[in-house]
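# What the coordinates show
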Amino acid sequence: MIKKIQALLAISILFIVFQTTAWATMQTVSLPITVDYLMLRKLLVAGSFTEEGESATLVDEGDGCIQLRLATPHLSEQEGTLRVELSVFSQTGVPLGGACYSPVKLQGYVVLYQRPVINPVDWKLSFETVRTELLNVHRKPTRVAGVVWKFAEPYIAAYLSGIKIDLMPPVKNIKDFVSPLFSADKEQQVKAMLASMRPGTIELEPSALYLPVLVDVASVYDPHERRSNIISDKKRLKQTVALWEQWDDLLVHLITRLAGRSLSEDEKEVLVGVLLESRYRFVSELSDESIRHDIVRKQFIEAWRQLAPLFRKYFLQQGESKGILGYLGFFSSVDALMTLDKLGPTFGVEISTAGLVRLVEMLQVNPSFFYYGSQPNANLQELFHIHPLEKQEEIPIEEDSFQDNGGVLKRMFNTLTVSTAYAATNTKQMSMRKILQWKVPEADVTDYIQRVRDVLKASTAATLIKGNVPEQQQAMFQKLIQAMAWQESCFRQFVVKNRKLTYLLSYNRSSVGLMQVNERVWRGLYDLNRLRWDIYYNAAAGSEIAALYLKRYGLRKEVTNRKLDDETMARLIYAMYNGGPSQRTKFFKRFSSKKLYESDELFWKKYQMVSAGDVGKVSLCLVGR
């Protein structure tokens, strides 16, 4: 008997310990659905004020003799209630024989102070009226004859009490998006978490209505297991790169949707900065082999913090009511991700392809747009003020430049084949012969250097003509472009590899050609195929990118906080050309502490040589003499 009691006691203790441990790792988290009052207004209009002029006819009898109409709702928060103001027109009369006798009219505004209520079963939002007041056409308090208000009040009360906004779709969006944030082996924990979803108490703030979606979450990972998460496995790295490319497609889509709005220049700067920083960071980590499994999640959250205010502003102020629930679901899902991310690594949230697809579907876009294309995007070009580059006027090259007693060009065709990648593209801009003109000679490179300089001068002139570089910086800019081409490629667009002439590709396989334009960073802004095979196009692109950094960052006093001399400006532009907008602060820190990168020092030497007229020394890196 004693042994049985001891056994039962032991089981009870284990049960208590188990329960205590389980609850110790469990916590209730609020995933907010934030409904801006402008968004709430659009939802009201879309569901209940669908007639012309955002109106609703409550009564229309006797050929208009008896009628009641509400229109143009305006919402705000006041003293903890939702203030709903509606224009009201009411008329009561006696319809007889096609005429209306003794009509009494009411025209002005009705204001209802309401308390929002959420149904925990079907997630429908309704409104309980606390009090009502009437205003005249000048929005001043007024008293109306009892007969008019007695007629109108019950209709208005009944109509407004019947208004319900279905928030189940955004709640379902949250569930659909959150589910793939966790790995497949955590399926049961995720199901339990989603099953615990329930509405909390609605809060009314000056700018929005907040509906907390309460959910019980538990730690699903040991934080020590996830401390070292640099990817070393090639297969997983390939998967992460593919996921990042899908994220980049989504980011471009989000940015270009905003770019079509009437943005201020500062807002455009935000969009440009978000895209460039995302891409430069990815390229840097990929090159350094320091890329982590959570790079997409981190970039998504960092980007959304900057994009969210613009999305809410422009898609609520200027967007149509149609699809507004989709935007609410999108906003709420991303807010859920940010909330879960704040809980730390033990919750193991990660963005997957399935999660990105769900977000795209909320925006009513076909997910098939995830294709990571190489062609220019006109909307992106417009945002960056980069215009499609027409074919450059080629500098006339004498036939004698390639011929050695009539046999050099022929021997080049016989001993070299152009990379099949180019042949397959069927590019019309440059013939094989024109490409072979840019093969570096094996002996005297004097003429070759001069021809490349002519290409660079032409591309610089084209940039200056567009007005992208102020007159006082133009001399510096011309030297900058030549020094950059020297530093980046040693004046080479093409190289010979395995007896094939192909485009120059950087060590990390991301930058191409004369100006080493990074294909991942500038995807969608330039034609990647022409960057590889057209030296004129590559030079023009590099010149245009340098001008972009000069104008957007180098010349802005709020960015540099000082007026820079030409030499320091050139060094700053080159640092940003290599590392993105974030280099504007990082370079000055290096410059002030005199701890410059090797690339900073090498560029500076070449800029000085260009300034001194010693461009001929490019031959040292071309042929070693």
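Residues numbered from 1 in each chain as written. Predicted model: local features only at pLDDT ≥ 70, side-chain atom pairs only at ≥ 80, totals over all residues. Heavy atoms only, no water.

## Some details on the overall build of the protein chain
The helix and strand inventory of the protein chain stands at 23 helices and 15 strands. Considering only residue pairs separated by 6 or more positions, the protein chain has 69% of its internal contacts joining residues 24 or more positions apart. For the protein chain, the exposed surface amounts to about 30,900 Å²; the carbon and sulfur share of it is 51%. (Helix = DSSP H or I, 4+ residues; strand = E, 2+ residues; numbered from the N terminus. Contact = heavy atoms within 4.5 Å. Areas by Shrake-Rupley, 256 points an atom, 1.4 Å probe, with all protein chains shown as cover.)

## What to know about the sheet that holds strand 2 (residues 55-61)
An order of 2-3-4-5-6-7 is seen for the six strands of this open sheet, with the pairing classed as antiparallel. Of all the strands in the sheet, just strand 2 and strand 7 (165-166) have a single pairing partner and so form its edges. Alignment of strand 5 (residues 99-118) against strand 6 (residues 124-135), held across 10 bridges, turns out to be antiparallel. Across the sheet, the residue bridging to valine 111 is glutamate 133, located in strand 6. Each of strand 2, strand 3 (66-78), strand 4 (81-96), strand 6 and strand 7 touches helix 2 (residues 37-48); the most contacted strand, strand 3, lies at about 160° to it. (Pairing = 2+ DSSP bridges. Axes fitted to C-alpha atoms, helices over the stretch in contact; angles between N-to-C directions.)

## Some points on the layout of surface pockets
In this structure, the largest pocket encloses a volume near 910 Å³. Listing elements by their share of the lining of the largest pocket, those giving two or more residues are helix 7 (265-287), helix 16 (474-489), strand 15 (517-518), helix 20 (566-579), helix 21 (583-593) and helix 22 (598-611). A per-class count over the lining of the largest pocket returns 11 nonpolar, 14 polar and eight charged. (1 Å grid on protein atoms, 1.4 Å probe; cavity = no way out; pocket = protein on both sides within 12 Å on 5 of 7 lines; lining within 4 Å. Points joined across faces, edges and corners; volume = space filled by probe spheres on them. Nonpolar A, V, L, I, M, F, W, Y, C, P; charged D, E, K, R; others polar.)

## Overview of the packing of aromatic side chains
In total, this model carries 24 aromatic pairs according to the counting rule given. Look at tyrosine 503 and tryptophan 533: their rings are 5.3 Å apart centre to centre, the planes differ by 90°, and that puts the pair in the edge-to-face class. One end of the pair, tyrosine 503, is in strand 13 (residues 500-503); the other, tryptophan 533, is in helix 17 (residues 528-533), and 30 residues separate them in sequence. For tyrosine 503, a relative accessible area of 13% corresponds to the buried category. (Phe/Tyr/Trp six-rings, centres within 6.5 Å; stacked < 30°, edge-to-face > 60°. Buried < 20%, exposed > 50% of the residue type's maximum accessible area, 1.4 Å probe, protein only.)

## Remarks on the state of the cysteines
What makes a disulfide is a covalent bond joining the sulfur atoms belonging to two cysteines. Under the criterion given, the structure shown has two disulfides. Here cysteine 65 engages in a disulfide with cysteine 100; their sulfurs sit 1.9 Å apart. Classification of the bridge connecting cysteine 65 and cysteine 100 rests on its S-S torsion, roughly 70°, and on that basis the disulfide is right-handed. Taken together, the residues span a long stretch of sequence, with cysteine 65 in the loop between strand 2 and strand 3 and cysteine 100 in strand 5 at a distance of 35 residues. We classify cysteine 65 as buried; its relative accessible area is 1%. A sulfur-sulfur separation of 1.8 Å characterises the disulfide bridge that pairs cysteine 490 with cysteine 621. (Disulfide = S-S within 2.5 Å.)

## Remarks on the nonpolar core
Counting 175 residues, the largest nonpolar core has Leu40, Phe384, Leu480, Trp522 and Tyr549 as its most contacted members. When neighbours within four sequence positions are excluded, leucine 40 is seen to be in contact with Val35, Leu75, Leu82, Leu125, Phe127, Ile165 and Leu209. (Core = buried A, V, L, I, M, F, W, Y, C linked by side-chain atoms within 4.5 Å.)

## Brief notes about empty space enclosed by the protein
Applying the stated rule across the entire model yields two cavities of 30 Å³ or more. Partitioned by chemical class, the residues of the lining of the largest cavity number nine nonpolar, one polar and no charged.

## What about the confidence of the model for the protein chain?
Per-chain confidence: the protein chain averages 82 in pLDDT, with 83% of residues scoring 70 or above. Counting interchain partners and residues more than four positions distant, the pLDDT-below-50 stretch residues 222-228 has eight contacts. Low confidence marks residues 392-430, where pLDDT is under 50. Its contacts with residues over four positions away, or in another chain, come to 58 contacts. (pLDDT = per-residue confidence, 0-100.)

## Things to note about unusual backbone geometry
Even without a glycine there, the phi angle at histidine 385 is positive, about 60°. Residue position: histidine 385 is located in the loop between helix 11 (378-384) and helix 12 (408-415). Classification of histidine 385 by relative accessible area gives partly exposed; the value is 36%.

## Here we look at a nonpolar patch on the surface
Together, Val94, Leu96 and Tyr101 give the surface a local cluster of nonpolar side chains, amounting to about 310 Å² of exposed area. Along the chain, tyrosine 101 turns up in strand 5. (Patch = residues over 30% accessible without salt bridge, like charges linked within 9 Å, V, L, I, M, F, W, Y side chains within 5 Å. Salt bridge = Lys/Arg side-chain N within 4 Å of Asp/Glu carboxyl O.)

## Observations regarding the pairing of strand 3
As defined by bridge partners, strand 2 adjoins strand 3 across six bridges and the pair is classed as antiparallel. Within strand 3, the residue paired with glutamate 61 across the bridge is isoleucine 66. As consecutive antiparallel partners, strand 2 and strand 3 are separated by four residues, and within that stretch glycine 62 has a phi angle of approximately 55°, a positive value. Two elements, strand 3 and strand 4, share 10 bridges in a ladder whose sense is antiparallel. Bridged to leucine 70 within strand 4 is valine 88. Between the end of strand 3 and the start of strand 4, which pair antiparallel, lie two residues, with glutamate 79 showing a positive phi angle near 50°.

## What about the pattern of salt bridges?
According to the stated counting rule, one finds 25 salt bridges in the structure shown. Across the salt bridge formed by glutamate 519 and arginine 532, the nearest N and O atoms sit 2.6 Å from each other. Here glutamate 519, found in the loop between strand 15 and helix 17, pairs with arginine 532, found in helix 17; they are 13 residues apart in sequence, far enough to count as distant. Each of Asp248, Asp249, Arg279 and Arg523 takes part in one network of salt bridges that share partners.

## Side note on the packing of helix 4 (residues 168-178) against helix 10 (residues 353-362)
Remark: helix 4 packs on helix 10, axes separated minimally by 8 Å, with the N-to-C direction vectors making an angle of 155°. By the angle class used here, helix 4 and helix 10 are roughly antiparallel. The segment helix 4 lies against helix 10, with Asn173, Asp176 and Phe177 engaging Gly355, Arg358, Leu359 and Met362. For the contact of helix 4 with helix 10, the class distribution of residues is three nonpolar, two polar and two charged. (Parallel < 35°, antiparallel > 145°, perpendicular 65-115°, else oblique.)

## Regarding the environment of glutamate 51
Considering the arrangement of structural elements, one finds glutamate 51 in the loop between helix 2 and strand 2. Residue class for glutamate 51 comes out partly exposed when judged on its relative accessible area of 35%. Taking the C-alpha atoms as reference points, glutamate 51 and alanine 71, separated by 20 residues in sequence, lie 8.8 Å from one another. With near-sequence residues (within four places) excluded, glutamate 51 lies in contact with Ala56 and Thr57.

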